[in-house]
Amino acid sequence: RWPDRADCRQECLSQIEAHPKECLVRSILSEWYARKKCIYCRQGFEEIQWAVQKPALLVDGTAVACDLIPAERLLEVLATAKPICFSCHTATEWVKANPDLVTNRTIEKRPDSR
């Protein structure tokens, strides 16, 4: 079908035909997130609401919305990425966009009152 890929046997097509749902990017991501916890809040990933609350990935120190990863690089990126839940990704992006509106405070541990 493609002159520059004339020697391709198109084995991937038989893989897709045999397991179509497992080849969907959303299925691959859902399975990957299912075994993970957010690196910030440590919450597990319940059923992901892909239409409204997409999680993100920490890739080489940068948070990236998972739907911005090109499909052809997805498995490569997932091999080293860390998961970020929608809430934490939204909060960190807001802080980056509005640093003048944020005050960082540390919480001091109180001595045991017993």
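Quick caveat, the model's predicted, so the values are computed rather than measured.

Rules of the game
- Residues numbered from 1 in each chain as written.
- Predicted model: local features only at pLDDT ≥ 70, side-chain atom pairs only at ≥ 80, totals over all residues.
- Heavy atoms only, no water.
- Buried < 20%, exposed > 50% of the residue type's maximum accessible area, 1.4 Å probe, protein only.
- Helix = DSSP H or I, 4+ residues; strand = E, 2+ residues; numbered from the N terminus.
- Arc of directions from axis to C-beta.
- Contact = heavy atoms within 4.5 Å.
- Pairing = 2+ DSSP bridges.
- Patch = residues over 30% accessible without salt bridge, like charges linked within 9 Å, V, L, I, M, F, W, Y side chains within 5 Å.
- Areas by Shrake-Rupley, 256 points an atom, 1.4 Å probe, with all protein chains shown as cover.
- Salt bridge = Lys/Arg side-chain N within 4 Å of Asp/Glu carboxyl O.
- Phe/Tyr/Trp six-rings, centres within 6.5 Å; stacked < 30°, edge-to-face > 60°.

Structural notes on helix α2 (residues 25-34)
In step 1: Of all the residues in α2, the buried ones are L29, W32 and Y33. Seen end-on, α2 carries its buried residues on one side only, within an arc spanning 95 degrees. In this structure, α2 carries E31 and A34 as exposed residues pointing more than 90 degrees from its buried face.
In step 2: The inward-facing, buried residues of α2 abut β1 (56-59), α3 (74-78) and β3 (82-84).

Quick look at the pairing of strand β2 (residues 62-65)
In step 1: Across four bridges, β1 lies against β2 in antiparallel orientation. Bridge pairing links V59 to T62 in β2.
In step 2: Hairpin connection, β1 to β2: the antiparallel pair is bridged by two residues, and D60 has positive phi, about 50 degrees.

Concerning a nonpolar patch on the surface
In step 1: Together, W94, V95 and L101 line one region of the surface with nonpolar side chains, adding up to about 300 Å² of accessible area.
In step 2: Relative to the helices and strands, L101 is located in the segment after α4 (86-97).
In step 3: The exposure class assigned to L101 is exposed, which follows from its relative accessible area of 55%.

Regarding the packing of aromatic side chains
In step 1: In the structure shown here, the tally under the stated rule is two aromatic pairs.
In step 2: Ring geometry for W32 versus Y33: centroids 5.0 Å apart, planes at 85 degrees, classification edge-to-face.
In step 3: A ring pair is formed by Y33 and F45, whose centres lie 4.8 Å apart and whose planes are at 55 degrees; its orientation type is tilted. Taken together, the residues span a long stretch of sequence, with Y33 in helix α2 and F45 in the loop between α2 and β1 at a distance of 12 residues.
In step 4: Overall, the relative accessible area of 0% leaves Y33 in the buried class.
In step 5: Ring pairs connect the aromatic residues W32, Y33 and F45, which therefore count as one cluster.

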